[in-house]
Amino acid sequence: FLATVLLHLHCLLFRRALTHEYPEFVKIVEVGPRDGLQNEKEMVPTGVKIQLIDMLSETGLSVIEATSFVSSKWVPQMADHTEVLQAIHRSSHVRYPVLTPNMHGFQDAVAAGATEVAVFGSASETFSRKNINCSIDESILRFEEVICTAKQRQIPVRGYVSCALGCPYEGPIESTKVAEVVKRLYELGCYEVSLGDTIGVGTPGSMAKMLHSVKKEVPSSALAVHCHDTYGQALANILTALQMGICTVDSSVAGLGGCPYAQGASGNVSTEDVLYMLHGMGIKTGVDLSKVIEAGDFICKALNRKTNSKVAQARGDYSVHCHMKKINT
Amino acid sequence: MGQKVRNPESIRDLTSEELQGVLSGVGASAGKALPQRVKIVEVGPRDGLQNEKTLVPTEVKIHLIDMLSEAGLPVIEATSFVSPEWVPQMADQVEVMKGINRRPGVSYPVLTPNLKGFQAAVKAGAAEVAIFGAASELFSKKNINCSVDESLQRFEEVTKAAKEAGVRVRGYVSCVLGCPYEGQVSPDKVAQVAKRLYSMGCYEISLGDTIGVGTPGGMAELLEAVSREVPVDALAVHCHDTYGQALANILIALQMGISVVDSSVAGLGGCPYAQGASGNVATEDVVYMLHGLGIQTGVDLPKLMDAGAFICRSLNRKTSSKVAQATCKL
């Protein structure tokens, strides 16, 4: 697709910043409304979800994962998927991918108006079996159907690979195994594959090693990183990924979505904190940080919880930090 | 508690050629390999506790320091010989110095803002002291009521006396990546202050991102400027995690040759300039990253986490360390 080429154009531009080369532009994939809310204990009313997505659409984000067409038996928080997709105000500058674990979900998604979908593979056999009740191979066969049909309908498909830096059951995962799964998803037709550090155990060394293997099979322009901040390593891992030529980063407003494997631990990295780092480095994102903070504020009030974003916590005291806005907006 | 932290994939299993290949892929033109060993300077008992709202009993401080010594930390900032009028949390400075169990090979520096403090410190048995300069004039005036130059003159008295007494001096520079009053701070100004402290006799200069506003680009620029004036082996970074940037900033610093990192157990010590915001980076999270990179620290992470759990119970507060939060329930 020409669209696919355009999706990766930003990856061609790099700038040298002192000792390292960094992308000029990084695309943020906002997963708060789906990955975030799906992993929150509180059930969120449909109206609140819609408002959150609408607020995020006004921030400059170009990709917002809206919902998941998975059976409401498994994921009750996403039971209102059709309603959400149909009620959100779709900005012309934004894409709204939805998760589709199988053909059934894909068909429902298309019927509801989805124009982009996502499929989720795993680099760990045990995780695959425990999470979606089948082997990696079986899951890929399932996705092949979805991807083929999506291709025919000119609907782009994004692939995710979970446990890219470690598995809660198997422990360390061979980077060559990750590369294998990524390659398969890419060759089947995913325009982009997001590498997920599902339990946040990765560190810059394991990130570098994994990307080194994966880049041998798939171009960096088709890769994204989805780092969890469970061990506080997310920004360091993202920085490493940028140094290795990755220019697409997944994150979640207010750091929504705890880690399902370690109670009380954090999960997704906060979009606000990622933006702060990128902007501070002179990397463009097109996103307005203050507006994301507002959206984060909104959803945290609705969920009656504190934000996980350090930037949002610090910025809460605007009077003291108002000159800091001059340095890092 | 007491479960081992799983650090599933480390690059230790690579051959050395593969390792160099991978690491040089990280920061292709850095031209520098990551250090094999990093010295952690644990500031929790001083910088951490000084900035906590709850006053901590002397025995608790002593026990904390002893636990940290057992965890393998090579440097533990024990207390501050500053007037208790200004810093009541450090009023028991002499008692703490005399009460701790000093492990051989471990250094226990104490803060000494002036000659008087220095003399009291030496009398109480201090073998290493620290002095604090600022890279911002306004911050210096607001914090210690004098200009940067005046403060450096004061410190010169301390470094002279320290030389005579055979006591080592560590220098700190605050506001290196931004000031709560002045906003942006010039890397050259930081370099100048660092140079003066180094020429006075400080064996090491710790560069403090006091309000945590720095990001990796700014850190790289800063270190480039400072390392022109002070050898990189004599530099340390003291990053605050107020905006979540600390580990990323530390990583960049390592890539630029820094091998000394300040941190605070459990991330003790909030940011005094932004209420409710975090301050010091948590030692547990730093050690997790370093060990994951195959870098040696000599620190036993589970024992460190025990120390963190202890002090958090005593302070009746939650840990600010993500590693501690994650592993306690697994």
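That block above? That's the structure.
Residues numbered from 1 in each chain as written. Chains lettered and ligands numbered in written order. Predicted model: local features only at pLDDT ≥ 70, side-chain atom pairs only at ≥ 80, totals over all residues. Heavy atoms only, no water.

> I tried to follow the overall build of chain A on my own but got confused; where do I start?
The helix and strand tally for chain A stands at 15 helices and eleven strands. Taken over 329 residues, chain A has a buried fraction of 64%. The contacts in chain A between residues at least 6 apart in sequence include a share of 75% that link residues at least 24 apart. Of the roughly 11900 Å² of accessible surface on chain A, a fraction of 51% belongs to carbon and sulfur atoms. (Helix = DSSP H or I, 4+ residues; strand = E, 2+ residues; numbered from the N terminus. Buried < 20%, exposed > 50% of the residue type's maximum accessible area, 1.4 Å probe, protein only. Contact = heavy atoms within 4.5 Å. Areas by Shrake-Rupley, 256 points an atom, 1.4 Å probe, with all protein chains shown as cover.)

> Is there a simple way to think about the nonpolar core in this case?
As a rule of thumb, soluble globular proteins bury nonpolar side chains together. Of all hydrophobic cores here, the largest spans 209 residues; its most connected members are Val178 and Ile238 of chain A together with Val173, Leu197, Leu207, Ile250 and Leu254 of chain B. Those residues in contact with Ile250 of chain B, other than ones at most four positions away along the chain, are Val237, Cys239, Val261, Val281, Val286 and Met289 of chain B. Residues Val41, Val75, Leu111 and Ala236 of chain B belong to the second largest nonpolar core, which totals eight residues. (Core = buried A, V, L, I, M, F, W, Y, C linked by side-chain atoms within 4.5 Å.)

> How should I be thinking about the packing of helix H9 (residues 216-226) of chain B against helix H10 (residues 246-255) of chain B in this particular structure?
Packed helices, taken two at a time, are described by the angle their axes make and the gap between the axes. All names here are of chain B. At their nearest, the axes of H9 and H10 sit 9 Å apart, and the two run at 35° to each other. Remark: the crossing between H9 and H10 carries right-handed chirality. Mapping the contact onto sequence places Pro216, Met219, Ala220 and Leu223 in H9 and Ala248, Asn249, Ile252 and Ala253 in H10. For the contact of H9 with H10, the class distribution of residues is seven nonpolar, one polar and no charged. (Axes fitted to C-alpha atoms, helices over the stretch in contact; angles between N-to-C directions. Left-handed = near helix turned anticlockwise from the far one by under 90°. Nonpolar A, V, L, I, M, F, W, Y, C, P; charged D, E, K, R; others polar.)

> I tried to follow the pairing of strand E10 (residues 223-227) of chain A on my own but got confused; where do I start?
The two faces of a sheet get side chains in turn, since along a regular strand they alternate between them. Residues and elements named next belong to chain A. Counting buried residues along E10, five of its five residues qualify, which places the element largely inside the surrounding structure. The two faces of E10 match: Leu223, Val225 and Cys227 on one face and Ala224 and His226 on the other face are all buried. Two elements, strand E9 (residues 192-197) and E10, share five bridges in a ladder whose sense is parallel. Each residue of the ladder has a partner; that of Ser194, found in E10, is Ala224. (Pairing = 2+ DSSP bridges.)

> Sorry, what's going on with the sheet that holds strand E3 (residues 27-30) of chain A here?
Backbone hydrogen bonds hold the strands of a sheet together, and the pairing may be parallel or antiparallel. Residues and elements named next belong to chain A. An order of E4-E3-E11-E10-E9-E8-E7-E6-E5 is seen for the nine strands of this open sheet, with the pairing classed as parallel. Single-partner strands in this sheet number two, and they are strand E4 (63-64) and strand E5 (67-68). Pairing analysis gives two bridges linking strand E6 (residues 98-99) to strand E7 (residues 117-122), with the strands arranged parallel. Bridged to Leu99 within E7 is Ala118. In this fold helix H8 (residues 175-188) packs onto E7, strand E8 (157-162), E9 and E10, with an angle of close to 165° to the strand it touches most, E8. Against the sheet, helix H10 (residues 234-243) engages E9, E10 and strand E11 (248-251), with an angle of about 170° to E10.

> It is not clear to me how unusual backbone geometry should be interpreted in this structure. Could you clarify?
Backbone phi values are negative for most residues with the exception of glycine, while trans is the configuration of most peptide bonds. Even without being glycine, Ala254 of chain A reaches a positive phi, approximately 60°. Note on placement: Ala254 of chain A falls in the loop between E11 and helix H11 (271-280). One non-glycine residue with positive phi stands out, namely Cys175 of chain B, at about 60°. You can see Cys175 of chain B is positioned in the loop between strand E6 (168-174) and helix H8 (187-200). With a relative accessible area of 0%, Cys175 of chain B lands in the buried category.

> Would you mind going over the pattern of salt bridges with me for this structure?
For side chains bearing opposite charge, pairing can occur when the charged atoms are close. Counted according to the given criterion, the structure contains 22 salt bridges over all chains. The salt bridge partner of Asp229 of chain A is Lys322 of chain B, with a shortest N-O separation of 2.6 Å. You can see Asp229 of chain A sitting in the loop between E10 and H10 and its partner Lys322 of chain B sitting in helix H13 (residues 322-327), one on each of two chains. The buried category is assigned to Asp229 of chain A, whose relative accessible area is 13%. (Salt bridge = Lys/Arg side-chain N within 4 Å of Asp/Glu carboxyl O.)

> Honestly, the pairing of E3 of chain A in this entry has me stumped. Any pointers?
Residue and element names in this part refer to chain A. Here E3 shows two buried faces, one formed by Lys27 and Val29 and the other by Ile28 and Glu30. When E3 meets E4, the two strands line up parallel, connected through two bridges. Residue Val29 lies in a different strand from E4, and its bridge partner there is Val63.

> When you look at the side chain of Ser162 of chain A in this model, what are you seeing that I'm missing?
Residues and elements named next belong to chain A. Within the secondary structure layout, Ser162 lies in strand E8. Ser162 gets classed as buried once you look at its relative accessible area, which sits at 8%. With residues up to four places along the chain from it excluded, the contact list for Ser162 reads Gly121, Ser122, Ala123, Phe127, Gly196 and Thr198.

> What's the story with the sheet that holds strand E3 (residues 79-80) of chain B in this structure? I'm lost.
Residue and element names in this part refer to chain B. Strand order across the open sheet formed by nine strands is E2-E1-E9-E8-E7-E6-E5-E4-E3, with parallel pairing between neighbours. Each having just a single partner strand, strand E2 (75-76) and E3 make up the two edges of the open sheet. Strand direction decides the pairing type here: strand E8 (residues 235-239) and strand E9 (residues 260-263), joined by two bridges, are parallel. Looking at the pairing, His238 lines up with Asp262 of E9. Running over the sheet, H9 touches strand E7 (204-209) and E8 and is turned about 150° from E8.

> Explanation requested: the packing of H8 of chain B against H9 of chain B in the structure shown.
All names here are of chain B. Remark: H8 packs on H9, axes separated minimally by 8 Å, with the N-to-C direction vectors making an angle of 45°. Put simply, H8 runs oblique to H9. Two packed elements cross with a definite hand, and for H8 against H9 that hand is right-handed. Residues Pro187, Asp188, Val190, Ala191 and Ala194 of H8 pack against Glu221, Leu222, Ala225 and Val226 of H9. Along the lines of polarity and charge, the residues of the contact of H8 with H9 split into seven nonpolar, no polar and two charged. (Parallel < 35°, antiparallel > 145°, perpendicular 65-115°, else oblique.)

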